[in-house]
Amino acid sequence: MLAAPLVPSLRELYRRRDATPLPTRTDNGRIENFAQSLREYLAPLMREGGSSCRLRDGIQGRVLRSCDIPDLSGAPIETPAFAPHSLVFPLPVCFVRDLYIRGDAQFANDSLLRAVLVEGDAVLGERTSIARWIHVLGNLEAGPQAGLFGRASAIGTITLRHGTVFERVRAGSICAGTQTKTLRETSPVGGASSPIDLRVGRVRSHGDFHLRDSDAFQGHIVAMGKVAIADNVLVIGSVKARSSLEIGSGSHLEGTVVSRGAISIAQRCYIKGPVLSEKEIVIGPGTQIGTPASPTTVSAPRVRIAPGVVVCGTIWARESGEVTA
Amino acid sequence: MLVDLFTVVIVLICVYTLRHYVFTISRVFGRQRQPYSDVDCADWPFVTILIAAHNEEAVISDCIRALLEVDYPADKLKIVPVNDRSTDRTREIIDDWVARNPGRIHPFHRTGGKPGKAAALRDAMRFVKGSIFLVFDADYIPGRSLIRELVAPFFDPEVGSVMGRVVPINVGKKLITRLLDLERSGGYQVDQQARMNLGLVPQYGGTVGGVRVGALDEIKGWAENTLAEDTDLTVRLLLAGWKTVYVNRAECYEEVPERWPVRVRQIMRWAKGHNQVMVRYSAALLRSPNLSIRERLDGALLLGVYAMAPVLLLGWLLAVTLFYTGVEPWGGIAVLALAAFTTLGNFAAFYEIAAAARLDNSRERICLLPLTLLGFTVSVVSVSKAAWTQVIDSIRGAELNWQKTERTRVAPVALGQ
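Residues numbered from 1 in each chain as written. Chains lettered and ligands numbered in written order. Predicted model: local features only at pLDDT ≥ 70, side-chain atom pairs only at ≥ 80, totals over all residues.

Quick look at the interface of chain A and chain B now. Between chain A and chain B, the residue contacts involve 45 residues of the former and 44 residues of the latter. For the side of chain A that touches chain B, the elements supplying multiple residues, two or more each, are helix 1 (7-15), strand 14 (202-205), strand 17 (220-223), strand 29 (296-305) and strand 30 (310-323) of chain A. The element that contributes the greatest number of residues to the side of chain A that touches chain B is helix 1 of chain A, accounting for five residues. Considering only residue class, the side of chain A that touches chain B consists of 15 nonpolar, 18 polar and 12 charged. (Contact = placed C-beta atoms within 7 Å. Helix = DSSP H or I, 4+ residues; strand = E, 2+ residues; numbered from the N terminus. Nonpolar A, V, L, I, M, F, W, Y, C, P; charged D, E, K, R; others polar.)

Here it is in structure tokens:
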């Protein structure tokens, strides 16, 4: 009886049913991987050229042409689909399976899409939702109140209108609302290419840390409490706060912004990035994070960006992201 | 007198038991802190990778090959195999890789100097270019995205060193490799991540990790006179106000010992090195104004982990003695029996291993849990022996010697298995 607890152990030792190394990550984590997998999955549809064909998992795939469009609104489309040229959907559509459009795409308001690959530009109508991912080789424009759940990426620009909710977004530049000011192409201060390579000193504060209006500060800042940076401040270095972190309007940070608490960035700031919070990031209008030449990451459980914000790189809102005034 | 001593032992063991419970609960039910894992897009810095190698002909090719295939920008990566006085074919193999990949690998063939990894790394620092360097032992096989995952935390100006997760690759070979696989899971998946979650003191493990050059300069570089340069570095960085960060997603394969004598030598070296650091820095750690109270306590408990093995043996001895002498230490024997169950092993207790197996989605290997008692008993005895010989050696004034872990790999490993 005493040996009974050892029976499962000895059986596993003998049979070795779970004796392989634990799997480690082998992919590079890029959003584009989904797009490449879809291309490979739909390859038979592209080769055969007919109106449909069976895919490798036995599911029937469908080729979409402009003449099919009037029949598509209404019932959900439950087959994977490939369109060899640009398509405009004037009425709401619901694609339950993946869709690949080799050209531009324009979706009507209130459409529902699972996963989409567009090789040209894409426009999503108001309240259109992406359930899993969308990858666009050109520019992507998401209409007001759109929902980008999962991942959205574009080689060019992604424009997010007011009320759009998002999770992970990646593009050359991500613009909230209509971009009104000219994008900075490179960092105005220059210097080291990576914020990590900035060779400046480090200041540790055991409490809160403040910089006053129009101060200029060179060095990394690490504060055990809050960090408050007033308006029009220049910081050549990175900033870390164990508590909340506030950056006033017109300030310029040539480094990273990291906080265990919330980060609030006022209007017309420039941050080289990354910007990382363990709670929430709120970004005011006219602020730019990263540049096309030096893209970066904005990441927090909750991200709220105002119209007029530009982020070059990735915004990752792990719980929720929203464009809101 | 014996009862008082026994009480002290019980209190110490209960403290560690509580610590293990807190870690497991945090890992399974708490908020998981992985604040840097989302950084996929940034201006990446120039990075130097040091591969510590001493007689590594069996394994070094796999490591170099994997590093050449990572997705980090090649123009921002310098690979430096640190061939430390090897007497086998390590030099020849490295030079062959250099010839086949011109400009990418910059070997450092160390032919003399003090033995030991810390001394070799200290000498290799002149080959480091850029603000960050990563260290891999030669038996490690990094995945494609590992370098980015290890570098990302350095965007935080408070981070001085980073540690990734070690995953055994030769799991299915023998009972010992399967037991070490479970132990590693508990130690990293639960123990290290819980310390990260709770804002405590994750440990830099000397490999699958990186260090900020500026932070290392600030603490005057590697300490040569230590057997655990990793723990030494963790503590000195902490005292200087730099944090160590653990990245659970940054996984890397390693080869674990396949023979018990090799394992015994390995854990004895770890124990001696760890104890060295405990003696040197415990007091400074507990007094440090740079640290929060919880960091001080966790740091001290971390340094005391290997000292608990002889304490546990002492507890068992006292329990038996008190029992047979008729002294009833207020039910302490029962407490010891329960608490001992949770403090055995190297960092990971039984339920930490169980939680790790659950988190790793391993369904069958958890059946081996009762057998870990064997591995833990070997560890307790080995670590206690190490502590005893360390005390004797320090009285005699003998110097501690570095002993390399023997490799057993005979064929190249296919990546992504």
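Each regular strand carries side chains that alternate between the two faces of the sheet. Residue and element names in this part refer to chain A. In terms of burial, strand 13 (residues 165-176) is largely enclosed, as 10 of its 12 residues are buried. By the bridge criterion, 10 bridges tie strand 12 (residues 147-160) to strand 13 in an arrangement that is parallel. The residue of strand 13 that forms the bridge with G147 is V165. One ladder, built from eight bridges, connects strand 13 with strand 30; its direction is antiparallel. Across the sheet, R168 pairs through a bridge with W316, a residue of strand 30. (Buried ≥ 20, exposed ≤ 12 C-beta atoms within 10 Å, placed from the backbone. Pairing = 2+ DSSP bridges.)

All names here are of chain B. Domain parsing of chain B yields domain 1 (2-29 + 295-396) and domain 2 (47-259). Domain 1 and domain 2 are separated by 29 Å when their C-alpha centres are compared. Contact residues are listed per partner, giving 25 residues for domain 1 and 21 residues for domain 2. Where the side of domain 1 that touches domain 2 is concerned, the elements lending two or more residues are helix 1 (2-29), helix 10 (293-303), helix 13 (350-359) and helix 14 (372-396). No other element matches helix 13, which puts six residues into the side of domain 1 that touches domain 2. (Domains from an automatic or database assignment.)

Residues and elements named next belong to chain B. Here helix 11 (residues 308-324) crosses helix 14 at 105°, and the two axes come no closer than 8 Å. Judged by the angle between their axes, helix 11 and helix 14 are roughly perpendicular. Facing helix 11, whose interface residues are A309, P310, L312 and L313, helix 14 presents S379, V380, V383, S384 and A387. Classifying every residue of the contact of helix 11 with helix 14 by side-chain character gives seven nonpolar, two polar and no charged. (Axes fitted to C-alpha atoms, helices over the stretch in contact; angles between N-to-C directions. Parallel < 35°, antiparallel > 145°, perpendicular 65-115°, else oblique.)

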